[in-house]
Amino acid sequence: MTVQPPTHSNKLSTVDAVVIGAGFAGLYMVHRLRVMGLSLRAFERGSDVGGTWYWNRYPGASSDSESWVYSYSFSDELLQGWEWSRRFPGQAEILRYLGYVADRLDLRPAFDFGTTVTGASYDPEQALWTVETDTGERVRTAYLITAVGCLSSTQVPDIPGIDRFEGDCFHTGAWPHEEVDFSGKRVGVIGTGSSGIQSIPIIAESAAHLTVFQRTSQFSVPAGNRDISAQEQLDLKRDIKQIREKCKWTSIGHPYEFRNVGAFDVSPQERLAQYEADWQKGGFEWMFGSYNDLMVNETANATAAEFARAKIRDIVRDPEVARKLTPEGYPIATKRLPLDTNYFATYNRDNVELVDLRESPIEEIVAQGVRTSAQTHELDILIFATGFDAMTGPLTKLGIRGRGGVALGDKWSAGPQTYLGLCTVDFPNMFMITGPGSPSVLGNMPTAIEQHVDWICDCITHLREQGASAIEPQQDAETSWGEHVNELANGTLFPQTNSWYLGANIPGKPRVFMPYIGGFGTYRKLCDEIAADQYRGFRIG
Ligand code: NAP
């Protein structure tokens, strides 16, 4: 693999490109830009590569994408040189994988670690961005590329007394590097999204007592995680290219596709048998590989929801606890569906207690624990599994100001406005990898990331070949794209439910469905057509 040596030095004040972030997106972006021969600087607030997997070290953290698709596909050498041990890889294995990629491509020297970007402003006269960091650096660059992830801005709820708690307090998305010892401890977890659902069973195994504070009961599907057998490893090595090519064109960037039938095109017996067979296999295929109308037809969705509810009632022995855990009132999968290992069975343990915050809300946090309207729950460790300011949060907090000094956060005060989720008017030459308005979080992230990085690199190559100094969406293209993203979302069941997809988990955040739901393959084709059509909808100057 040919890689140029890093082209930056600390004295360099003007470069071709600045990349923010050293997760899946930033690593691949830096690699591509270096191969293209651009000078660059890259900043990462963590002390090493990893992004999401650097920060989310909570017990049980694991990918919900099968390992063989949760990796880069751009290099045969990388693909063949790595073997995953599990169907769904855990955080430590993914972090090792990203370290392996960084080593093989010699990417670490390109990054300034432990460095947070605090602002960026655009000078239209010179068509240059000036990027500022918390280490006092100012770097001028033609291209500003954000690789900051969609779920990296942690959200801690504004609960009265939060600073008064005298025990240890953690957020799943900013977990300490040292092991947290739960043995003999009374632990509380607030939140039952994916992070809570993954961590609760593991914490319960060692804590003296675990109290789960649940506001909304969640549907969850068994992961069916397992080791990858030696034969499967051989099969994967042989077939991986075709599998990865298929991911590029499916609706959610995974190799599985909806069967081309609706839930009512088959008999109730056949449907139940299918749900059961897929449930036993584990993974997202249960929902997203079954019937093609589950996310658009409420009655069809209800068949899957009722199947999943029955599973909870089967697993959880105490009927009252089962009732509290059983989700009602919203369609299944309109909140991001978690995959779990023994989540519901954990509530059969004697040391686990479920507090339903709909019945007894949290009133305050006190020195000894959490006080609800019913009682005080004494705790030694309190864990916030309360999620993220998704998609826009990681971008608006960078302090980016575009033409005329307009802040990105102000421009997006009524919701994100982008063209293709890649660029936004008044922020020329700024590219957002998996930005709002692109499919991103609705499927396999590495598929989405590679497509965006490749598209951005082709675009930069085009600009350089044309001798053009800047690219920016046209206002009407951006407006139409926003309308299209909304229209597609409104044709589904997603807007019915309060979820982070809509910003509903952040008080005051505008309620706008942020990802593009038209499908990964469709989106890729459209992006390619737009590029081939002289970057239709963009102004190049
Ligand atoms: P989340 O899905 O937003 O869940 C946050 C949880 O905290 C919800 O149960 C929420 O309740 C609760 N909560 C928030 N504020 C609260 C408050 N003031 N009082 C009580 N409860 C409160 O966050 P997450 O679990 O960190 O997951 C976020 C996303 O990250 C996932 O959906 C997924 O896309 C990604 N993720 C992926 C993986 C994986 O691939 N394996 C693992 C972890 C995370 P409400 O539902 O009532 O708001």
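Residues numbered from 1 in each chain as written. Predicted model: local features only at pLDDT ≥ 70, side-chain atom pairs only at ≥ 80, totals over all residues. Heavy atoms only, no water.

Colleague: Mind laying out the site of the ligand, listing which residues take part and the relevant values?
Modeller: Surveying the vicinity of the ligand reveals 24 residues, the closest of which are Ser62, Ser195, Arg215, Thr216 and Lys335. Within the backbone of Thr192, a nitrogen or oxygen atom sits 2.9 Å from an oxygen atom of the ligand. Contact with the protein chains removes 87% of the 910 Å² of surface that the ligand exposes when unbound. Of all the elements, helix H5 (residues 194-206) adds the most residues to the shell around the ligand, at 3 residues. For the shell around the ligand, the per-class residue count stands at 8 nonpolar, 11 polar and 5 charged. (Near = heavy atom within 4 Å. Polar contact = N/O pair within 3.5 Å; in protein donor to acceptor, adjacent residues only side chain to side chain. Areas by Shrake-Rupley, 256 points an atom, 1.4 Å probe, with all protein chains shown as cover. Helix = DSSP H or I, 4+ residues; strand = E, 2+ residues; numbered from the N terminus. Nonpolar A, V, L, I, M, F, W, Y, C, P; charged D, E, K, R; others polar.)

Colleague: Explain the sheet that holds strand S15 (residues 376-378) residue by residue, including any values.
Modeller: With antiparallel pairing, 3 strands are arranged side by side in an open sheet as S13-S14-S15. A strand with exactly one partner marks an edge of an open sheet, and here the two such strands are strand S13 (362-366) and S15. When strand polarity is set aside, the average angle formed by the axes of neighbouring strands in this sheet is 20°. In this structure, S13 lies alongside strand S14 (residues 369-372), joined through 4 bridges in antiparallel fashion. Residue pairing across strands places Glu364 opposite Arg371, the latter belonging to S14. (Pairing = 2+ DSSP bridges. Axes fitted to C-alpha atoms, helices over the stretch in contact; angles between N-to-C directions.)

Colleague: Describe the nonpolar core, naming the residues involved and giving the relevant values.
Modeller: The nonpolar side chains of a soluble globular protein tend to be buried, and buried together. One finds Leu33, Ile145, Trp286, Met287, Ile332 and Phe431 to be the most contacted residues of the largest nonpolar core, which totals 109 residues. Here the element with the most residues in this core is helix H13 (residues 445-466); it accounts for 9 residues. Setting aside chain neighbours within four positions, we find Trp286 in contact with Val221, Tyr275, Asp278, Trp279, Ala304, Phe307, Ala308 and Ile332. (Core = buried A, V, L, I, M, F, W, Y, C linked by side-chain atoms within 4.5 Å. Buried < 20%, exposed > 50% of the residue type's maximum accessible area, 1.4 Å probe, protein only. Contact = heavy atoms within 4.5 Å.)

Colleague: Just give me the short version of unusual backbone geometry, but keep the residues and values in it.
Modeller: A positive phi is found at Leu420, a non-glycine position, where the angle reads about 65°. Here Leu420 lies in the loop between helix H12 (408-411) and strand S18 (430-432). Look at Leu420 and you get buried, because its relative accessible area is 0%. A positive phi angle, near 60°, is found at Asn429, a position not held by glycine.

Colleague: Go over empty space enclosed by the protein with me, naming the residues and quoting the values.
Modeller: For the structure on display, the rule yields 3 cavities of 30 Å³ or more. Forming the walls of the largest cavity are 14 residues, and the residues nearest its centre are Trp68, Leu79, Trp82, Trp84 and Ile240. Per-element tally for the lining of the largest cavity: the top contributor is helix H6 (residues 230-249), with 4 residues. Looking at the lining of the largest cavity residue by residue, the class counts come to 9 nonpolar, 3 polar and 2 charged. Each pocket or cavity is described by its volume, and for the second largest cavity that value is around 50 Å³. Lining of the second largest cavity is provided by Thr146, Ala147, Val148, Gly149, Cys150, Met391, Leu395, Met432, Ile433, Thr434 and Gly435. (1 Å grid on protein atoms, 1.4 Å probe; cavity = no way out; pocket = protein on both sides within 12 Å on 5 of 7 lines; lining within 4 Å. Points joined across faces, edges and corners; volume = space filled by probe spheres on them.)

Colleague: Tell me about the packing of helix H1 (residues 24-36) against H13, residues and numbers included.
Modeller: Each packed pair of helices is defined by two parameters, the angle between the axes and the distance between the axes. Interhelical geometry of H1 versus H13 gives an angle of 30° and a closest axis separation of 10 Å. Between H1 and H13, the interaxial angle falls into the category roughly parallel. Between H1 and H13 the crossing geometry is right-handed. Packed against H1, whose contacting residues are Phe24, Ala25, Tyr28, Met29, Arg32, Leu33 and Met36, the element H13 presents Pro446, Ile449, Glu450, Val453, Asp454, Ile456, Cys457, Asp458, Ile460 and Thr461 at the interface. Here the contact of H1 with H13 is built from residues that sort into 12 nonpolar, 1 polar and 4 charged. (Parallel < 35°, antiparallel > 145°, perpendicular 65-115°, else oblique. Left-handed = near helix turned anticlockwise from the far one by under 90°.)

Colleague: Quick one: what's the story with the pairing of strand S6 (residues 138-146), residue by residue and with numbers?
Modeller: With respect to burial, S6 is a largely interior element, 7 of its 9 residues being buried. Alignment of strand S1 (residues 14-20) against S6, held across 6 bridges, turns out to be parallel. Its bridge partner lying in S6, Val18 is registered against Leu144. With 4 bridges connecting them, strand S5 (residues 128-133) and S6 associate as antiparallel partners. In the strand pairing of S6, Val131 is matched with Val139. If you look at the hairpin formed by S5 and S6, you'll find 4 residues sitting between the two strands, and Gly136 has a positive phi there, around 85°. For S6 and S18, the ladder comprises 3 bridges, and the chain directions are parallel. Bridging across to S18, Leu144 finds its partner in Met430.

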